[in-house]
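Take a look at the letters that make up each chain.
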There are 2 protein chains.
Amino acid sequence: MSKRVGAATILMENKISVTSFSAVGGKKEGEGPMRDCFDYIDSDDRFGQNSFEEAESAMQGIAMQNMLEKREIEPGELSMMFGGDLLNQCIGTSFGVFDFRVPYIGIYGACSTMSEGLMLAAMSVDSGAGDRVAAITSSHFCTAERQYRMPLDYGGQRTPTSQWTATASGALLVERGQKPPYVRAVTVGRMEDKGIKDANNMGAAMAPAAYSTIKRFFEDTGTEPGQFDRIVTGDLGSVGSRILCELLHRDGIEIYDRHLDCGRMIYSEEQDVHAGGSGCGCAASMLCGYFLPQIRDGSLKNILFAATGALLSPTSTMQGKSIPGISHLVWISGES
Amino acid sequence: MSKRVGAATILMENKISVTSFSAVGGKKEGEGPMRDCFDYIDSDDRFGQNSFEEAESAMQGIAMQNMLEKREIEPGELSMMFGGDLLNQCIGTSFGVFDFRVPYIGIYGACSTMSEGLMLAAMSVDSGAGDRVAAITSSHFCTAERQYRMPLDYGGQRTPTSQWTATASGALLVERGQKPPYVRAVTVGRMEDKGIKDANNMGAAMAPAAYSTIKRFFEDTGTEPGQFDRIVTGDLGSVGSRILCELLHRDGIEIYDRHLDCGRMIYSEEQDVHAGGSGCGCAASMLCGYFLPQIRDGSLKNILFAATGALLSPTSTMQGKSIPGISHLVWISGES
């Protein structure tokens, strides 16, 4: 049975392993500093499909298939899976994973979806609800931009605080196991809203949620930043990252020297993405392609992975509402 | 620890009670045969707000607050909650429950959201991940119709197979407890898609998912229809209900005499809703306002609650895609 501590943290009581993981990216992601982290990079972001929505689904299918092949199992051996994405009604995922025929639990956490999915998968395996539970998510620049902001062909100028929706997907598998990476604990996030209304400044909207969740994790578990090699957020970008570190600093929690943000990692300065990358696929692919392999091979011992989501919609933006943020946290470790 | 049986069913190992529940409805719902099931009925569907989206969120807030008051607890006493709705990016829920400040896990299951939320809440309490876990969902005729189909003012003619999105919300609370209703088991649904492309015939699109999940539950648990007073779906409407019973009949599973569909219950024939009601709030309000009270007072002993969702979006419809359906099932009982 899972053990609940503090306000919102659940400790795993069994050895919960992330036994397989895969990252897929698009053209721009393949040209960036993280190109070697992707198992597959598409040459034109269309993944052989006729629409961008179908491309996003196809990208998820590749991530899922690759993750299963690495583990040498068939889809029918999965107990269930958690998945979701940014598209209205999460169609990227429902059409992306349909063919695998796995019991499916749809989730919505905007760009926090990978930490939400990993959290729920770990809880399900720890409780015995499933033996092999997968989590998947994705984002696609061309589906997200036209849904959330402007028609692609319009070519509107992007503000300095704006982030670039990554064309990427990550899929992973959780099982009881004897090999790292292990999930040690999860903290369920609470929505935070400090009144940011600018849909082109999502880093600022999400930073208070990351702050709230990371702080609560430390309080709930009695740990401190020095016990973790990396404290990873995704995807606050440069603006949100600064706000997060500053908010924690005011409480005497210093993470500057070990904070990494997936939105700042996935592209280089030269790629001109302004405040950084974003999208469910950004944090998911960095987790599956960069962090999990390093924990598996021992080069990282302990990380906190706190993907962040902005719970806005074009309708709420047009109606003048502010942007609630959310962040769920997963403690991933080389030791169980 | 939960015990997994068969392909996709999880038996509860502790006494898992639904300890509080509340249903809220709009004007049309208050004029229907189920009017007495609602704890609160709004006179004009605006719930005192300026936009329909804000009205839907306000409706959720009323359901949540009423559910908490019945149990005589504060929001801060909740471990966490699961919630989602039909609106793009689930803004009905994120804005609806924000003020309660509860650790929040967003889910997306279209009109199956209440069975998905109840399933996850029961699993979380059974595993010890939470002590008091809530689930909530809603739908609103005026937000859903204009998002999925036509501008309201357009007044387009509705096809005979179309269903009427209910303006309703349901909220419930799961805890370990000694009083019925108890959650005995859950079955995680798998997406099914038989090629239906008509967004005005969602009953037909969803019926195969309900068939697949209900059949799997009987296989996984070794039970049969006669052991349940009611087998409840929501919201297949009249078209989907006929298809479901026929599909099960072909496999020798007879549920005609005990099948009820929330979409057929919530409105009367005279209310001219064609094939019935729909929307997350339809099944949620019928569960919280009609079925759970009857299990608590002993007039029903055992029901299967299998809400059904159509995982379409306007984009997928316009791109000519078919409509995947999903249905999660919860066995709710007067005995633990």
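Everything discussed here concerns the structure shown above.
Now for a description of the structure that goes with this document. Given the structure is predicted, the values throughout are model-derived calculations rather than measurements. (Residues numbered from 1 in each chain as written. Chains lettered and ligands numbered in written order. Predicted model: local features only at pLDDT ≥ 70, side-chain atom pairs only at ≥ 80, totals over all residues. Heavy atoms only, no water.)

Each partner contributes to the interface: chain A provides 62 residues, whereas chain B provides 62 residues. Both faces combined, the contact of chain A with chain B buries some 4800 Å², and carbon together with sulfur accounts for 62% of it. In this structure, the connection of chain A to chain B is made through four salt bridges. In this structure, the connection of chain A to chain B is made through 24 residue pairs in polar contact (both at pLDDT 80 or more). Sort the elements by how many residues they give to the side of chain A that touches chain B and helix H4 (residues 113–127) of chain A lands first, with seven residues. In terms of residue class, the side of chain A that touches chain B is made up of 31 nonpolar, 19 polar and 12 charged. (Contact = heavy atoms within 4.5 Å. Buried area = accessible area lost by both parts, 1.4 Å probe. Salt bridge = Lys/Arg side-chain N within 4 Å of Asp/Glu carboxyl O. Polar contact = N/O pair within 3.5 Å; in protein donor to acceptor, adjacent residues only side chain to side chain. Helix = DSSP H or I, 4+ residues; strand = E, 2+ residues; numbered from the N terminus. Nonpolar A, V, L, I, M, F, W, Y, C, P; charged D, E, K, R; others polar.)

On to the packing of helix H6 (residues 202–221) of chain A against helix H7 (residues 237–250) of chain A. Each pair of packed helices can be described by the angle between their axes along with the distance between the axes. Residues and elements named next belong to chain A. The geometry of H6 relative to H7 is characterised by a closest axis approach of 8 Å and an angle of 35° between their N-to-C directions. As for how H6 packs across H7, the hand of that crossing is right-handed. Residues Gly-203, Ala-204, Ala-207, Pro-208, Ala-210, Tyr-211, Ile-214 and Lys-215 of H6 form the contact with H7, whose own contacting residues are Gly-240, Ile-243, Leu-244, Leu-247 and Leu-248. Residues that form the contact of H6 with H7 fall into these classes: 10 nonpolar, two polar and one charged. (Axes fitted to C-alpha atoms, helices over the stretch in contact; angles between N-to-C directions. Left-handed = near helix turned anticlockwise from the far one by under 90°.)

Here we take up helix H5 (residues 141–148) of chain B. Residue and element names in this part refer to chain B. Of all eight residues in H5, seven are buried, a share of seventy percent or more. Turning to H5, its buried residues number three or more, namely Phe-141, Cys-142, Thr-143, Ala-144, Glu-145, Gln-147 and Tyr-148. Residues of H5 that are buried in the fold lie against helix H2 (52–71), strand E7 (132–139), strand E8 (164–165) and helix H10 (314–318). (Buried < 20%, exposed > 50% of the residue type's maximum accessible area, 1.4 Å probe, protein only.)

So, on to the state of the cysteines. Evaluation of the coordinates by the stated rule reveals zero disulfides over all chains. Distance from the sulfur of A:Cys37, which forms no disulfide, to the nearest cysteine sulfur (A:Cys262) is 10 Å. On the accessibility criterion, A:Cys37 (14% relative accessible area) is buried. B:Cys288 carries a free sulfur, and the closest cysteine sulfur to it, the one in B:Cys262, is 10 Å from it. (Disulfide = S-S within 2.5 Å.)

Further remarks concern the relation of the copies chain A and chain B. Mapping between the two chain copies consists of a rotation about an axis together with a translation along that axis. With an RMSD of 0.0 Å, chain A superimposes on chain B once it is rotated by 180° and translated 0.0 Å along the axis. Both copies are brought into coincidence by an operation consistent with a two-fold rotation axis. For chain A, the residue whose C-alpha comes nearest the rotation axis is A:Ile107, separated from it by 1.9 Å. Both copies contact each other with a shared surface, as 100% of the interface residues of chain A are interface residues in chain B too. (Least-squares fit on C-alpha atoms with pLDDT ≥ 70 in both.)

Okay, the environment of A:Val239 next. All names here are of chain A. Structurally, Val-239 can be placed in helix H7. Sequence spacing of Val-239 and Gly-203 is 36 residues, and the spatial spacing of their C-alpha atoms is 5.8 Å. In this structure, Val-239 is in contact with Thr-161, Asn-201 and Ala-275, ignoring residues within four places of it in sequence.

All names here are of chain A. Considering the arrangement of structural elements, one finds Ala-209 in helix H6. As for Ala-209 and Ser-127, which are separated by 82 residues in sequence, their C-alpha atoms are 27 Å apart. With sequence-adjacent residues up to four places away left out, Ala-209 is seen in contact with Glu-192, Gly-325, Ile-326 and Ser-327.

In this chain, A:Gly234 is followed by A:Asp235 through a cis amide linkage whose omega measures 10°. Relative to the assigned elements, A:Asp235 resides in the loop between strand E11 (230–234) and H7. One non-glycine residue, A:Gln89, adopts positive backbone phi at about 60°. Checked against the element boundaries, A:Gln89 lands in the loop between strand E5 (80–85) and helix H3 (91–97). A positive phi angle, near 70°, is found at B:Asp45, a position not held by glycine. With respect to the helices and strands, B:Asp45 occurs in the loop between strand E4 (40–41) and H2.

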